[in-house]
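Here are the chains, one letter per residue:
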Amino acid sequence: MINAVNDGQWSGTWVAERLGVELMGDDELTGLLGLALRRNPKRAHLLVSNVLGKHVPQSPSVVYGYGFTLGRRVRELLGADEAGAAVVLGYAETATGLGHSVADGIGSAPYLHSTRRPVAGVAAAGGFEESHSHATSHLLLPEDPALLAGDGPLVLVDDEFSTGNTVLNTVRDLHARYPRRRYVVVALVDMRSAADAGRLEEFAREIGAGVDLVAAASGTVRLPEGVLEKGQALVARYEAEGAAGGASSSAGASGRAAQFPAPLKGRSGERPQGARDRVESAAAAAGARPAPTHPHPAARRIDLMWPRDLPDGGRHGFTPAHRARLDAALPAMAARLTEALPPGARRVHVLGFEELMYAPLRLARELEQVAQGVEVRYSTTTRSPVLAVDDPGYAIRSRITFPAHDDPADGPGERYAYNVAGAGFDAVVAVIDSAADTPALHAPDGLLAQLAAHTPHVLLAVVPSYVPERPSMLPEPLRGPAFSSYAPEEVGWLLQDLSEVTLEAPTEEREEAIQSGGAHYAESLPVEYQPSEQYQELFHAALESAATRIAQAVGAVTELVLAERSPRPVLVSLARAGTPVGVLMRRWAQFRHGLDLPHYAVSIVRGRGIDANALRWLAAHHDPADVVFVDGWTGKGAITRELADAIEEFEASDGITGFDPEIAVLADPGSCVRTYGTREDFLIPSACLNSTVSGLISRTVLRADLVGPHDFHGAKFYRELAGADVSVDFLDAVSACFPEVTEAVDAQAKELLSADRAPTWEGWAAVERISEEHGIHDVNLVKPGVGETTRVLLRRVPWKILARAGAGADLDHVRLLAEQRGVPVEEVGELPYTCVGLIHPRFTRGATGADGKAVNV
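Here we summarise the structure given alongside this text.

Criteria and cut-off values
Residues numbered from 1 in each chain as written. Predicted model: local features only at pLDDT ≥ 70, side-chain atom pairs only at ≥ 80, totals over all residues. Heavy atoms only, no water. Buried < 20%, exposed > 50% of the residue type's maximum accessible area, 1.4 Å probe, protein only. Helix = DSSP H or I, 4+ residues; strand = E, 2+ residues; numbered from the N terminus. Pairing = 2+ DSSP bridges. Axes fitted to C-alpha atoms, helices over the stretch in contact; angles between N-to-C directions. Contact = heavy atoms within 4.5 Å. Parallel < 35°, antiparallel > 145°, perpendicular 65-115°, else oblique. Left-handed = near helix turned anticlockwise from the far one by under 90°.

1. Structural notes on the pairing of strand β31 (residues 663–667)
Regular strands place their side chains on alternate faces of the sheet.
(1) Moving on: Counting buried positions along β31 gives five out of five residues, so the element sits mostly inside the fold.
(2) Moving on: Direction of pairing for strand β30 (residues 627–633) relative to β31: parallel, over a ladder of four bridges. Looking across to β31, one finds that F629 is bridged to I663.
(3) Moving on: Bridge analysis of β31 against strand β32 (residues 675–678) gives three bridges, and the strand direction is parallel. In the sheet register, V665 faces β32, and the bridge partner there is Y676.

2. So, unusual backbone geometry
(1) Moving on: In this chain, G480 is followed by P481 through a cis amide linkage whose omega measures 0°.
(2) Moving on: Unusually for a residue other than glycine, D407 sits at a positive phi of about 50°.
(3) Moving on: Counting through the fold element by element, D407 comes out in the loop between β18 (399–403) and β19 (414–418).
(4) Moving on: Classification of D407 by relative accessible area gives exposed; the value is 59%.
(5) Moving on: At S671, a position not held by glycine, the phi torsion is positive, near 55°.
(6) Moving on: Mapped onto the fold, S671 is located in the loop between β31 and β32.

3. Side note on the sheet that holds strand β16 (residues 347–352)
(1) Moving on: One open sheet accounts for five strands, arranged β15-β21-β20-β16-β17; its pairing is parallel. Strands with a single pairing partner mark the edges of an open sheet, and in this sheet they are β15 (300–302) and β17 (375–380). The average undirected angle you get between the axes of adjacent strands in this sheet is 25°.
(2) Moving on: One ladder, built from three bridges, connects β15 with strand β21 (residues 458–463); its direction is parallel. Each residue of the ladder has a partner; that of R300, found in β21, is L459.
(3) Moving on: Those strands touched by helix α10 (residues 358–370) are β16, β17 and β20 (427–433), and its axis lies near 175° from that of β17.

4. With respect to the packing of helix α14 (residues 533–564) against helix α18 (residues 727–735)
(1) Moving on: Contact pair α14 / α18: the axes reach a minimum separation of 8 Å and the direction vectors enclose 60°. In terms of axis orientation, α14 runs oblique to α18. Relative to α18, the crossing made by α14 is right-handed. Contact residues: α14 offers L543, A547, I550 and A551, while α18 offers D729, F730, A733 and V734.

Below, the structure written as structure tokens:
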């Protein structure tokens, strides 16, 4: 058998002697690792794991046991509570099975592995680069987008932790999208240098999160000067010797044979004749039977009766419930395998397929336990090209080469199975997924034929490739009066109705949970503020005085849209502050130009992006180039940036292009956009109230247990507040002013069209300055402008209000709300906004004082 030690030698001896490479560290390191060479411009040597089940056939119980034990150590490290909230992420292709096993050891953790196989219709939740690999791009394609969105620990699993670059790339990408407080890195071996270990600690401080490391063994690789060039020369020499020996070679008298064929060009059907049947066989040296000279019969198929709709692995997520179903089905599937084995078989190899490592591993382990008198070994095929040398002191003794057979996204190429040829197996069970069960698999030079040259029996078990089902049609928009108090033609809501779900929580409780990281603001709703009679009088007075001003801004921004964006735009408001503005823009287009523009409202959530299903619906019904996103006003520009990032991510995941992320707003005091009606910071009365001025619709909700991967984001319709509803009153009051502002709108639009409207982002700069000056150090707790300040007073826990000296009636409602909530209003001489609301920093219930800490009773 080919293993860590061959004929009493460590399987890294050959490389160590020729290149001077040293493996230093824990005593068990040489038992876990061997060495080999590969053609790679960055690193010629390869650490070959003896317990991973990738390159070296190993007992499946040993392979599974290492991962499971690491998972148990992670569980002990985290404790039961944190372990219960953990998510495990494994790396393709090498560590997909290891990550699964770690998740099993943790016990209750869902699992996802990265993939290099894109799947049409499945949106990417992230991606990263593995810089040292021969195939670098990784995709994260969870069926449930919320899988990575929790705040529990993220456990990242790889076979080898060397420089830490892959982990850093992953954490950097995911932390920007789904920030959390703790990460755990798991590896079979930790081979970092002291400098690389310091980099990880420095990175953890940079992102403000804890990073722990769990490994089965640790050490370092000492590489002498010039090792890369020396290794490349050695590979070239053996490659040339192998090529000179012909297309197929066996070990000669020296006991050493090697071939390193060049990557194939073109499709598998166009494979060069000289590359056919290329196998590095160790038969002579290993004492195994010689390769047969006659064709081997076709592989025998085995129907495993894989459970319906059970994922074949973690490419799109694998939950504890999936694991339980697999556990229950394994005995029957292993029994079918046992029955299919040829009589007298004593050494059986279960060969998995690239990223498909876990299902073959569990099948092999179950077979090992039930097949009496049968020695079972397990490994998988791989993309990674490694030099094969038939020497007891070398980790890769033989190599089978065959064309890719799963129509890979990066095009055709060679694939490999190591240490199978010459190992003396009586039967090989190839376990693949149905996406790879193609003519190329069964071709004369395909994997099955190549295996048949080295074992008398080849069996084929095909596991159904799991692809998340997507609904054939997303639901039609919700419309009033069934959902909202707006007329049905005014707006269609691309939302799902959560009116029957209790989502409200006290303001102080929500604030504490949000600031502590215990919850995202979009997972609950604030209790709807019901204004006092005095406050309602302020709203009506503000509306009466501001209606003309708003009408002019509505007309101006609509004219800009019609002139610059599309003659028949599709208005898409960002719910909910954008919705009244979108309705008014639609009314202006009808009043001034006789246009009947479609108008929808969609959800966008800071930190989570825009509703991708809403974008899919829009793209299916309209030209994305005609879509114009609408909002009420800009503060510091966070949503402007959020939308731009979300559209870019959507284009990458779905391949749908054309959406313009620039928002059209009524007022742009933050100087964040080019399309606006005014840049003045004044009172827009719709900011004074919550649902009662927005069609009785709540703000939007995004929570994993309520919003599935194929659902629109949610919202509630507060029908019970109909008696206080002024939504249509607000629209009618502004629309009534359209005739009197027509000339002013024409003049303003003409001026804006010829002006330099490039965003300066001066609002963002001001917010950063205010955040530092007041010791907050978090721009998310600084809400600039009249509209945002009003929201702070209505929905959050305000600390204080900064008001520009001399601000008049625009701030009457702010002063009233601040008085009712006991919040100080400080006048400031120089302020780019009329006012700025500061949320209480580091809030806890009972908080007092600037430090946000609770009073000790």
